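Chain by chain, the residues run as shown.
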Amino acid sequence: MSTGVPSLLISWLALAAVLGSVLGLSEDLDRPLFGPPGSPIRLHESDPGLKKALGFAEERYNRGSNAMHLRKVSRFISATKQLVKGIRYTITVELSNTQCKKSSMLRTCDFYPESQKLKTEVCVFEVWDIPWQGTSTLLKQKCQLKADSEQEETTKVVDASTSPLSEESVELLGKFKEFMVKYKKDYNTQEETERRLQIFHENLKTAEKLQSLDQGSAEYGVTKFSDLTEEEFRSVYLNPLLSQWTLHRQMKLAAPAKSPAPASWDWRDHGAVSPVKNQGMCGSCWAFSVTGNIEGQWFLKNGSLLSLSEQELVDCDGLDQACRGGLPSNAYEAIEKLGGLETESDYSYTGHKQKCDFTNRKVAAYINSSVELSKDEEEIAAWLAENGPISVALNAFAMQFYRKGVSHPLKIFCNPWMIDHAVLMVGYGERKGTPFWAIKNSWGEDYGEQGYYYLYRGSNACGINKMCSSAVVN
């Protein structure tokens, strides 16, 4: 299709402006029943843990509401759970008004018999439960008013199609068209285009919320991922295995740096960092993080900067799951067993798993072992300045909408235990008094600041300190 926005799309947008839409919640209805470790598992509404999580979400919703009457679940739609240092529940339900005021006990409250007084909302809740600590946290609450009836909705469709577009709607269409042109987006059907516009609209709101609450200097907004739901972004570009701590191989602890950390350091200025690469639509960030680290280690020991093969790991690392995720600790072990890494030019990246084509005689770099670093950020900085770029991992929620600046999301957006993306830490410093880590990402140079993400340094933001490691080249 062309990059222009067709007339049917304009009609849809006018409808959205009048109705407000609940379709943005639909991605929660199509999750898998089962999958690899760490993937969401669909639940029946009778699940005891789900009932507890839903009760907690319901209570928090009512506590934060300004309404006079209590609301409770009137219809269960779907739910999943995901093991992430505890259990994360994603729940989609309908909430409706009861006849009880807020001082009442919710379980004894009846709904209004009159449908117009119910004022039903469709809500998505994310609850993080740690049973062994007896703690629960409401990570996300997204609610939108449900249309009262299909008849009312049909009437409004007719009215909307003949209504003039609001200034806000025209601005949204302009942004979406610009996004499609810039990132060469081409959707197969009109329905898909309309769905992507709707997701784009929701993502603009999320970026605005991140922007208003950010504690650093970051700018959030439209990125090449702005037409993806949070779930799509996670499943395609991120790595759920990183948060599965039981899967991690125990590593030897690195010796501390001999000297304190200098005020700033950047290995890009010293020739130890190759150009930014692009993992494509494959959850292989773990391979890029590890090869970037080994490129730096090889440079420091041998004086030559090589671009090493991530595809070799995607194809030949039997300990990890290729595009479905992996762990740096496993990757180091796999490289030792293979005998080393070929160069990018000898074993080029395709972005999907294929038959292992590793050739021992083409090995360009090898490692002898690997080490885990301290979790203290000052010690991490000192080690980095002395020993080279570091393989690290973090919670990447805010990264979907990051454009530039030093990102410092609130903890609720960037839980340090919910790590899902591996990257390469190449340096650190300050910008106008704000300390940062310089992070080489693997989403291409059209992401962030020429492919780099800058994260606040000094508060263990987004779990950046929890999984720091390096290969050892003797």
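Residues numbered from 1 in each chain as written. Predicted model: local features only at pLDDT ≥ 70, side-chain atom pairs only at ≥ 80, totals over all residues. Heavy atoms only, no water.

## Some thoughts on helix α10 (residues 328-338)
Phase 1: Burial analysis of α10 places eight of its 11 residues in the buried class, the great majority of the element.
Phase 2: The complete set of buried residues in α10 reads Pro328, Ser329, Asn330, Ala331, Tyr332, Ala334, Ile335 and Leu338.
Phase 3: Against α8 (285-302), α9 (311-316), β9 (369-372), β10 (390-394) and β16 (469-472) lie the buried residues of α10.
Phase 4: Where α10 terminates, the next one or two residues include Gly339, which has phi positive at roughly 110°. (Buried < 20%, exposed > 50% of the residue type's maximum accessible area, 1.4 Å probe, protein only. Helix = DSSP H or I, 4+ residues; strand = E, 2+ residues; numbered from the N terminus. Contact = heavy atoms within 4.5 Å.)

## Observations regarding the pairing of strand β4 (residues 121-130)
Phase 1: Of all 10 residues in β4, 10 are buried, a share of seventy percent or more.
Phase 2: Neither face of β4 is left uncovered, since the one carrying Glu121, Cys123, Phe125, Val127 and Asp129 and the one carrying Val122, Val124, Glu126, Trp128 and Ile130 both have all their residues buried.
Phase 3: Looking at chain direction, strand β3 (residues 87-101) and β4 are connected through nine bridges and run antiparallel. Looking at β4, one finds that Tyr89 is bridged to Val127.
Phase 4: Taken together, the 10 bridges between β4 and strand β5 (residues 135-145) define a ladder with antiparallel strand orientation. (Pairing = 2+ DSSP bridges.)

## Looking at the side chain of Thr120
Phase 1: In this structure, Thr120 sits in the loop between α3 (115-118) and β4.
Phase 2: The exposure class assigned to Thr120 is buried, which follows from its relative accessible area of 14%.
Phase 3: Polar contacts involving the side chain of Thr120 include one to the side chain of Ser96, which spans 2.7 Å.
Phase 4: Sequence-distant contacts of Thr120, that is, excluding residues within four places in its chain, are made with Ser74, Glu94, Leu95, Ser96, Leu145 and Lys146. (Polar contact = N/O pair within 3.5 Å; in protein donor to acceptor, adjacent residues only side chain to side chain.)

## A closer look at the sheet that holds β4
Phase 1: Ordered by their spatial adjacency, five strands build an open sheet running β1-β2-β3-β4-β5, and the pairing between neighbours is antiparallel. In the strand order of this sheet, the two ends are held by β1 (41-42) and β5, each with one partner.

## What to know about the packing of aromatic side chains
Phase 1: Under the definition given, this model contains 22 aromatic pairs.
Phase 2: With a centroid separation of 6.0 Å and an interplanar angle of 5°, the aromatic rings of Phe397 and Phe413 are classed as stacked. With a gap of 16 residues between them, Phe397 in the loop between β10 and β11 (402-404) and Phe413 in the loop between β12 (406-407) and β13 (421-431) connect regions that are remote in the sequence. Here Phe397 matches Phe413 in class, with each residue buried.
Phase 3: The ring of Trp437 has Arg457 sitting right over it, with the charged end atom 5.8 Å from the ring centre.
Phase 4: The ring of Trp417 carries Lys466 above its face, with NZ or CZ at 3.9 Å from the centroid. (Phe/Tyr/Trp six-rings, centres within 6.5 Å; stacked < 30°, edge-to-face > 60°. Lys NZ or Arg CZ within 6 Å of the ring centre and 35° of its normal.)

## Points about the state of the cysteines
Phase 1: Scanning all chains against the criterion turns up five disulfides.
Phase 2: Between the sulfur atoms of Cys123 and its disulfide mate Cys143 the distance is 2.0 Å. Between Cys123 and Cys143, the S-S dihedral sits near 120°, and the bridge is therefore right-handed. Residue Cys123 is found in strand β4, and its partner Cys143 is found in strand β5; the two are separated by 20 residues along the sequence.
Phase 3: Here Cys414 is linked by a disulfide to Cys462, with a sulfur-sulfur distance of 1.8 Å. Taking the sign of the S-S torsion, about 115° here, the bridge from Cys414 to Cys462 comes out right-handed. In this pair, Cys414 sits in the loop between β12 and β13 while Cys462 sits in the loop between β15 (452-456) and β16, placing the two residues 48 residues apart along the sequence. (Disulfide = S-S within 2.5 Å.)

## Some details on the pattern of salt bridges
Phase 1: Considering all chains together, one arrives at 28 salt bridges under this definition.
Phase 2: Across the pair Glu171 and Lys175 runs a salt bridge, and its minimum N-O distance is 3.5 Å. With Glu171 and Lys175 both in helix α5 (residues 167-182) and four residues apart, the pair spans about one turn of that helix.
Phase 3: For Lys175, a relative accessible area of 34% puts it in the partly exposed group. (Salt bridge = Lys/Arg side-chain N within 4 Å of Asp/Glu carboxyl O.)

## Quick notes on the side chain of Glu377
Phase 1: Relative to the helices and strands, Glu377 is located in helix α11 (residues 377-387).
Phase 2: The side chain of Glu377 is buried and forms no salt bridge, while Arg457, the nearest opposite charge, is found at 6.3 Å.
Phase 3: A polar side-chain atom of Glu377 sits 3.1 Å from the main-chain amide nitrogen of Ser459. (Lys, Arg positive; Asp, Glu negative; His and termini not counted.)

## Points about unusual backbone geometry
Phase 1: If you check the backbone angles, Lys184 has positive phi at about 55° while not being a glycine.
Phase 2: For Lys184, the location among the structural elements is in the loop between α5 and α6 (190-213).
Phase 3: Assessed through its relative accessible area of 71%, Lys184 is described here as exposed.
Phase 4: The phi dihedral of Ala322 falls on the positive side, at around 55°, and the residue is not glycine.

## Describing the environment of Leu70
Phase 1: Considering the arrangement of structural elements, one finds Leu70 in strand β2 (residues 69-83).
Phase 2: Using a relative accessible area of 7% as the deciding quantity, one classes Leu70 as buried.
Phase 3: Separated by 26 residues in sequence, Leu70 and Ser96 have C-alpha atoms that sit 8.5 Å apart.

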